[in-house]
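What the coordinates show
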Amino acid sequence: MSKDTVFPDPADTLTVCTSVDELKKAIRNIRAGNQTIGFVPTMGALHEGHFSLIDIAKQKTDAVIVSIFVNPAQFGPNEDFDSYPRQLQEDVDACKKAGVDIVFAPDRDEMYDDSTYLSIKIDTLNDYMCGASRPGFFEGILLIVNKLFNLIEPDVAVFGQKDIQQIQIIRQMVKEFNHGVEIVAAPIQRANDGLALSSRNTYLTRDQRTVAPGLFRSLQYIEQQIISGVNEPKLLIEHQKDELEAKGFEIDYLNVFTEKTLSPVTTLSKDERYILAGAAYLGKTRLIDNILIEL
Ligand code: AMP
């Protein structure tokens, strides 16, 4: 075959949209071909965790859309919105390699047209874990995910188990708002030493990076004790908190929560599913991690 007759494989082409209009047009093209859409929302600075979500979306659907948007509505006034890593060109190149069909990378004005937003109130699912320590965080996430679901109308959306409270709250939103999207939870991707991958890990100093896997190790230790029969893990957890603090962590929370209600439990029972979860600061960097436990 001569070189001229080789056409690019449509699966290898990536469309980058920065406006809602462009996105809608690109989606119309996908839908015209009767293709299903998988959606992976991100804030960029993509790492292997994000690419594992993209792989799952590719396996489950015909066309994959990745959004890259550092969503101002989910950052508190003293949080890291300004310093959050932004590397759009690198992310777009990596999405192309990963076989993504559309990257949607809007700027703030494309998603929010003035400084006051409507909000979505969250009841008890927000009372503990990250919801308790980051006021407005999940409301900000629901606002943007709601907009993106309405725009894209994906068949499947993939989220990481690392942000497990986010998944549970989004599942509830999908149920109550009838989004009709299948929500898929993807396993946590980790560095070799166990640290959960995160765009924020780049904030860690070399020393902090060495200490950082301690959070996962504490979770693993507590998990093992629970599996071997400890059904009232309070003291065990307090001890692990002390150990982590001695290593330089400042604990936000470390506890066992029910999977369904996300509320803390003191006595664990058989045939239940729990989330053993922790959030802790190393310097200014907030790390989160969790392990699902089924007894
Ligand atoms: P972010 O860009 O941090 O907002 O994350 C976008 C998506 O990637 C969310 O669904 C996260 O839960 C997911 N994610 C982040 N880190 C990981 C990880 N280490 N493993 C799997 N998924 C992750």
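A quick note: this is a predicted structure, and the numbers were derived from the prediction, not measured.

Some thoughts on a negative patch on the surface
On the surface, D21, E22, D107 and E110 cluster together into a patch of negative charge. Mapped onto the elements, D21 comes out in helix α1 (residues 20-32).

Overview of the site of the ligand
The immediate surroundings of the ligand are formed by 17 residues, with H50, G160, D163, Q189 and L197 found nearest. Between Q189 and the ligand, the recorded distance is 2.9 Å, taken from a backbone N or O atom to a nitrogen atom. Computed on the free molecule, the ligand has an accessible area of 490 Å², of which 92% lies beneath the protein chains in the complex. Broken down by secondary-structure element, the contributors of at least two residues to the shell around the ligand are β2 (37-42), α2 (48-60) and β5 (156-160). Ranked by the residues each element gives to the shell around the ligand, the list is headed by α2, at 3 residues.

Some remarks on helix α7 (residues 164-177)
End to end, α7 covers 20 Å across 14 residues, agreeing with the expected 20 Å (1.5 Å per residue, within 8%). Packing partners of the buried residues in α7 comprise α5 (129-133), α6 (137-152), β5, β6 (182-186), β8 (273-282) and β9 (285-294). Directly after α7, the chain includes N178, whose backbone phi takes a positive value near 55°.

About the thresholds
Residues numbered from 1 in each chain as written. Predicted model: local features only at pLDDT ≥ 70, side-chain atom pairs only at ≥ 80, totals over all residues. Heavy atoms only, no water. Patch = residues over 30% accessible without salt bridge, like charges linked within 9 Å, V, L, I, M, F, W, Y side chains within 5 Å. Areas by Shrake-Rupley, 256 points an atom, 1.4 Å probe, with all protein chains shown as cover. Salt bridge = Lys/Arg side-chain N within 4 Å of Asp/Glu carboxyl O. Lys, Arg positive; Asp, Glu negative; His and termini not counted. Charge placed at Lys NZ, Arg CZ, Asp CG, Glu CD. Helix = DSSP H or I, 4+ residues; strand = E, 2+ residues; numbered from the N terminus. Near = heavy atom within 4 Å. Polar contact = N/O pair within 3.5 Å; in protein donor to acceptor, adjacent residues only side chain to side chain. Expected span 1.5 Å × (residues − 1). Contact = heavy atoms within 4.5 Å.

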